[in-house]
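Each chain, written out:
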Amino acid sequence: MTVRIVTDSGADIPKQLANDLGIVVVPLTVTFGDESYKDGVELSSDDFYERLIHGEIMPTTSQPSVGDFVETYKKIQPPSNQILSIHVSSKLSGTLNSATQAGVQENLGESIQLIDSMNASMGLGFSVIAAAEAVKEGASLDEAASV
């Protein structure tokens, strides 16, 4: 079985590194006033920081929807794949809750493990990278989850 790693854009993993390690990143939504963008898709890191430094409106974020995770899990979970889904701290975001609901809705059962990283930004990112590297070296779902 192949283990696939899923995280959210709160991990701040550079796109190229995520691609190289096969990490699937589900974007958070970043909102400046009445303008909303999918993080890393419609709004680059450079654009985000430019607006943060020079703009007058402080951004807010919102979690991906259950539907965003359902769509992601459907794309990567053919019968032979397992999913390790590692997310931003549940104390900071409802992202893990959305991912959990999607796993239940898709009846993924034991083929998915969801982890509350209890971190944000690169604290989360380093955990995701370590799990992806372990998977690349042949780790099972349980082994990657315990990295």
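Quick caveat: nothing in here was measured; it's all calculated off a predicted structure.

Caption draft 1: View of the overall build of the protein chain. The helix and strand tally for the protein chain stands at 6 helices and 7 strands. Tracing the protein chain from N to C terminus, the helices and strands come up as β-α-β-β-β-α-β-α-β-α-β-α-α. Dimensions along the principal axes, computed over C-alpha positions, put the protein chain at roughly 50 × 30 × 25 Å. Per-residue burial over the protein chain gives 42% buried out of 147 residues. A separation of at least 24 residues holds for 69% of the contacts in the protein chain among residues at least 6 apart in sequence. If you sum the accessible surface of the protein chain, you get close to 8000 Å²; carbon and sulfur atoms cover 50% of it. Charged side chains in the protein chain number 8 positive and 20 negative. The centres of these two groups are separated by 5 Å.

Caption draft 2: Structural context of the sheet that holds strand 2 (residues 23-26). Taken in spatial order, the 4 strands of this open sheet run 2-1-6-7, and their pairing is parallel. The sheet terminates laterally at strand 2 and strand 7 (112-116), the two strands that pair on one side only. The average undirected angle you get between the axes of adjacent strands in this sheet is 20°. In terms of strand pairing, strand 1 (residues 2-8) meets strand 6 (residues 81-87) through 5 bridges, oriented parallel. When the bridges of strand 6 are listed, Thr-2 appears paired with Asn-81. Relative to strand 7, helix 4 (residues 95-105) is tilted by about 170°, and along the sheet it contacts strand 1, strand 6 and strand 7.

Caption draft 3: Up close: the packing of aromatic side chains. Taken as a whole and judged by the stated rule, the model has 3 aromatic pairs. Seen from their ring centres, Phe-48 and Tyr-49 are 5.1 Å apart, and the 80° between their planes marks the pair as edge-to-face. Given the relative accessible area of 19%, Phe-48 is considered buried. Both rings, one in Phe-69 and one in Tyr-73, keep their centres 5.9 Å apart while their planes meet at 40°; by these two values the pair is tilted. Residue Phe-69 and its partner Tyr-73 are located together in helix 3 (residues 66-76), separated by 4 residues, close to a single helical turn. Like Phe-69, the residue Tyr-73 is buried in the burial classification. Following the ring pairs from residue to residue traces out a cluster consisting of Phe-32, Phe-48 and Tyr-49. Sitting over the ring of Phe-32, Arg-51 keeps its end group 4.4 Å from the ring centre.

Caption draft 4: Fine view of the sheet that holds strand 3 (residues 29-32). Reading across the sheet, the 3 strands line up as 4-3-5 and stay open at both edges, with antiparallel pairing between neighbours. The open sheet is flanked by strand 4 (35-38) and strand 5 (60-62), the only strands paired with a single partner. Averaged over all pairs of adjacent strands, the angle between their axes in this sheet comes to 30°, without regard to strand direction. This element, helix 2 (residues 45-54), spans strand 3 and strand 4 of the sheet and lies at about 30° to strand 3.

Each value, and the rule that gives it
- Throughout, residues of each chain are indexed from 1 in the direction in which the sequence is written.
- A pLDDT threshold of at least 70 governs which residues receive local features in this predicted model, and a stricter bar of 80 or more applies before side-chain atom pairs are shown or counted, although totals over entire chains, interfaces and linings include all residues.
- Side-chain numbers here rest on the full set of heavy atoms in the structure, without hydrogens or water.
- Runs of E in the DSSP output that reach at least two residues are strands. Runs of H or I that reach at least four are helices, and both are numbered from the N terminus.
- Burial classes follow relative accessibility: with a 1.4 Å probe on protein chains only, a residue under 20% of its type's maximum area counts as buried, one over 50% as exposed, and anything between as partly exposed.
- Any two residues whose heavy atoms approach within 4.5 Å are treated as being in contact.
- Throughout, the Shrake-Rupley method with a 1.4 Å probe supplies accessible areas, and for residues the shown protein chains are the sole cover considered.
- Neither His nor the chain termini are counted; the positive set is Lys and Arg, and the negative set is Asp and Glu.
- By convention, the point assigned to a charge is CZ for Arg, NZ for Lys, CD for Glu and CG for Asp.
- Only when DSSP finds a minimum of two bridges between them are two strands counted as paired.
- For helices, the fitted line uses only the C-alpha atoms of the stretch in contact; every axis is such a line through C-alpha atoms, and the angle between N-to-C directions lies from 0 to 180 degrees.
- Pairing of aromatic side chains here covers Phe, Tyr and the six-membered ring of Trp, requires ring centres within 6.5 Å, and sorts the geometry by plane angle: under 30 degrees stacked, over 60 edge-to-face, intermediate tilted.
- Ring-over charges, as used throughout, are those where CZ of Arg or NZ of Lys falls within 6 Å of the ring centre and within 35 degrees of the ring normal.

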